[in-house]
Amino acid sequence: MPSIILKAGREKSLLRRHPWIFSGAIQDADGNIASGETVDLLSSDRQFLARAAYSPSSQIRARVWTFEEEPIDKEFFRKRIRIAIQSREVWGLRRDTDSYRLIYAESDNLPGLIVDRYGDVLVLQSLTTGSEAWKETIVDLLLEETGLVTLYERSDADVRELEGLQPQVGLLRGVLPQLPTTIHENNLIFNVNFAAGHKTGFYLDQRRNRLRVRKLAKDKDVLDCFCYTGGFSVNALSGAAQSVLSVDSSSDALGLCRENVSLNQLPIDSHTVLEGDVFHLLRKFRDERRSFDMIILDPPKFAPTAAQAEKAARGYKDINLLAFKLLRPGGLLVTFSCSGGVDAGLFQKIVAGAALDAGVNAQIVEPLSQAEDHPVALHFPEGAYLKGLVCLRT
Ligand code: SAH
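## Topic: the packing of aromatic side chains
Next, step 1: Applying the stated criterion across every chain, the model contains 15 aromatic pairs.
Next, step 2: On the basis of an interplanar angle of 45° and a centroid distance of 5.1 Å, the ring pair of Phe190 and Phe202 is categorised as tilted. With Phe190 in strand 13 (residues 188-192) and Phe202 in the loop between strand 13 and helix 5 (207-216), this pair connects stretches of sequence that are 12 residues apart. This pair shows no difference in class: Phe190 is buried, exactly as Phe202 is.
Next, step 3: Taken together through their ring pairs, the aromatic side chains of Trp65, Phe76, Phe77 and Trp134 make up a single cluster.
Next, step 4: The ring centre of Phe232 lies 5.9 Å from the NZ or CZ of Arg210, which sits over that ring.

## Some details on the side chain of Asp224
Next, step 1: With respect to the helices and strands, Asp224 occurs in strand 14 (residues 221-225).
Next, step 2: At 2.6 Å, the side chain of Asp224 forms a polar contact with the side chain of Ser233.
Next, step 3: The residues contacting Asp224, other than those within four sequence positions of it, are Phe232, Ser233, Leu245, Ser246, Val247 and Ile296.

## Observations regarding the sheet that holds strand 16 (residues 271-275)
Next, step 1: Strand order in this open sheet of 7 strands is 16-15-14-17-18-20-19, and the pairing throughout is mixed. Every other strand in the sheet has two partners, leaving strand 16 and strand 19 (362-369) as the edge strands with one partner each. Each strand of the sheet is rotated relative to its neighbour by a mean of 15°, with strand direction disregarded.
Next, step 2: Relative to the sheet, helix 8 (residues 278-287) contacts strand 14, strand 15 (243-248), strand 16 and strand 17 (292-297), its axis offset from that of strand 14 by approximately 150°.

## What about the pattern of salt bridges?
Next, step 1: Applying the stated criterion across every chain, the model contains 30 salt bridges.
Next, step 2: Its salt-bridge partner being Arg63, residue Glu163 comes within 2.8 Å of it at the nearest N-O pair. Of this pair, Glu163 sits in the loop between strand 10 (150-155) and strand 11 (168-173) while Arg63 sits in strand 6 (residues 60-66), placing them 100 residues apart in sequence. The pair formed by Glu163 and Arg63 is uniform in burial state, with each residue classed as buried.

## Some points on the sheet that holds strand 2 (residues 20-22)
Next, step 1: Within the open sheet, the 6 strands sit side by side as 2-6-5-4-1-3. Their pairing is mixed. Since the sheet does not close on itself, it has two edges, and those belong to strand 2 and strand 3 (26-29), each with one partner. Going from strand to strand, the sheet's axes swing by 35° on average, the running direction of each strand aside.
Next, step 2: Taken together, the 3 bridges between strand 2 and strand 6 define a ladder with antiparallel strand orientation. Of the residues in strand 6, the one forming a bridge with Phe22 is Ile60.

## Let's talk about the pairing of strand 12 (residues 181-185)
Next, step 1: Where burial is concerned, the two faces of strand 12 differ: the one with Thr181, Ile183 and Glu185 is buried and the one with Thr182 and His184 is not.
Next, step 2: Strand direction decides the pairing type here: strand 12 and strand 13, joined by 5 bridges, are antiparallel. If you follow Thr182 over to strand 13, its bridge partner there is Asn191.
Next, step 3: Count of turn residues in the strand 12/strand 13 antiparallel hairpin: 2 residues, of which Asn186 carries a positive phi of about 45°.

## Details of the packing of helix 9 (residues 309-326) against helix 10 (residues 344-358)
Next, step 1: One can describe the packing of helix 9 onto helix 10 by two numbers: an axis separation of 8 Å at closest approach and a directional angle of 45°. When the axes of helix 9 and helix 10 are compared, the pair comes out oblique. The crossing of helix 9 and helix 10 is right-handed. Seen from helix 9, the contacting residues are Ala309, Ala313, Tyr316, Lys317, Asn320, Leu321, Phe324 and Lys325; seen from helix 10, they are Leu346, Phe347, Ile350, Val351, Gly353, Ala354, Ala355, Asp357 and Ala358.

Calculation criteria
Residues numbered from 1 in each chain as written. Predicted model: local features only at pLDDT ≥ 70, side-chain atom pairs only at ≥ 80, totals over all residues. Heavy atoms only, no water. Phe/Tyr/Trp six-rings, centres within 6.5 Å; stacked < 30°, edge-to-face > 60°. Helix = DSSP H or I, 4+ residues; strand = E, 2+ residues; numbered from the N terminus. Buried < 20%, exposed > 50% of the residue type's maximum accessible area, 1.4 Å probe, protein only. Lys NZ or Arg CZ within 6 Å of the ring centre and 35° of its normal. Polar contact = N/O pair within 3.5 Å; in protein donor to acceptor, adjacent residues only side chain to side chain. Contact = heavy atoms within 4.5 Å. Pairing = 2+ DSSP bridges. Axes fitted to C-alpha atoms, helices over the stretch in contact; angles between N-to-C directions. Salt bridge = Lys/Arg side-chain N within 4 Å of Asp/Glu carboxyl O. Parallel < 35°, antiparallel > 145°, perpendicular 65-115°, else oblique. Left-handed = near helix turned anticlockwise from the far one by under 90°.

Shown next as structure tokens:
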């Protein structure tokens, strides 16, 4: 097996079980290591540290498969996949939810591999050279271990570019069901188009927070900003909100949002969709002196990495400030960031600054995070990307 020798002192992160090796930590590497090939990572005094997948074009030059001297083969992946699947069973999700994340990359010790289950269909994202090299094996194992027959690939995330990989999308096994397909989440129904939707089709990470909104929405006038296909809107209506206004810039998403309200036989008279730019519409609502009892802000990622944090902070501050102004006293702001580059502390500071500049008093009544099927490995805090706060305007 080829090996990579690290610079003196650069073994420290591996000893703490962080799974990435950056190019700058490498002293020496064997020649001709193929993209995705398994390599041994050795300390400067040639001690074995870990076994990893090699990625020649990425700054993250190697991602660890294991810290043991064990073979990386089909049985290795079977073991890891089985552990990931079993760990989801603890949550008893399948009682009222048939769609959830089965494998969450580094958090499940399978760097680069994301697998979501939508009813009886698996949707796979392979994001790195390592998961790509083992894709066929992994696909077979996923079907063997779940007993399912259909698997669709959505490897079209931008991050593949950094790994020198082209996008790949399409059916890998089984028969494509008619799209959109219907899924269940906390006893509600959603139409999901996993072939064309964002990510793998649905924001499964918000499941628990949507349920929270359902519980808090009773009799409220709700504004759901960045609503996508209506995850929060449907939950608010199901929780007997007085009215829900769903805003997004995508007309396709709003079409599905409408459909999802009807599918659940919720009062369509209490629901309005509005296509537009949230930054612009919040200003318009402010000028029109409109107000709401609950405002949800779930914007797309403004800062994938810490380098963009400052610009992202301005974006978050802007929408949170406007939302505080539109919030009636006693109203709730349910606000999120899914930017990897903005940590929970910074996000809270931004929201605090927004309330200050809006001239309102508010308190945090609940912190929110990604759902339990998106766990965070203790040694890989980068896995925690979703931060949320429920703030009460006093
Ligand atoms: N809350 C949703 C997920 C939101 S994803 C859920 O629970 O499923 C982010 C959404 O923001 C996308 O649907 C995207 O179309 C929309 N979006 C991005 N920029 C926008 C903007 N400036 N104004 C309005 N919508 C925007």
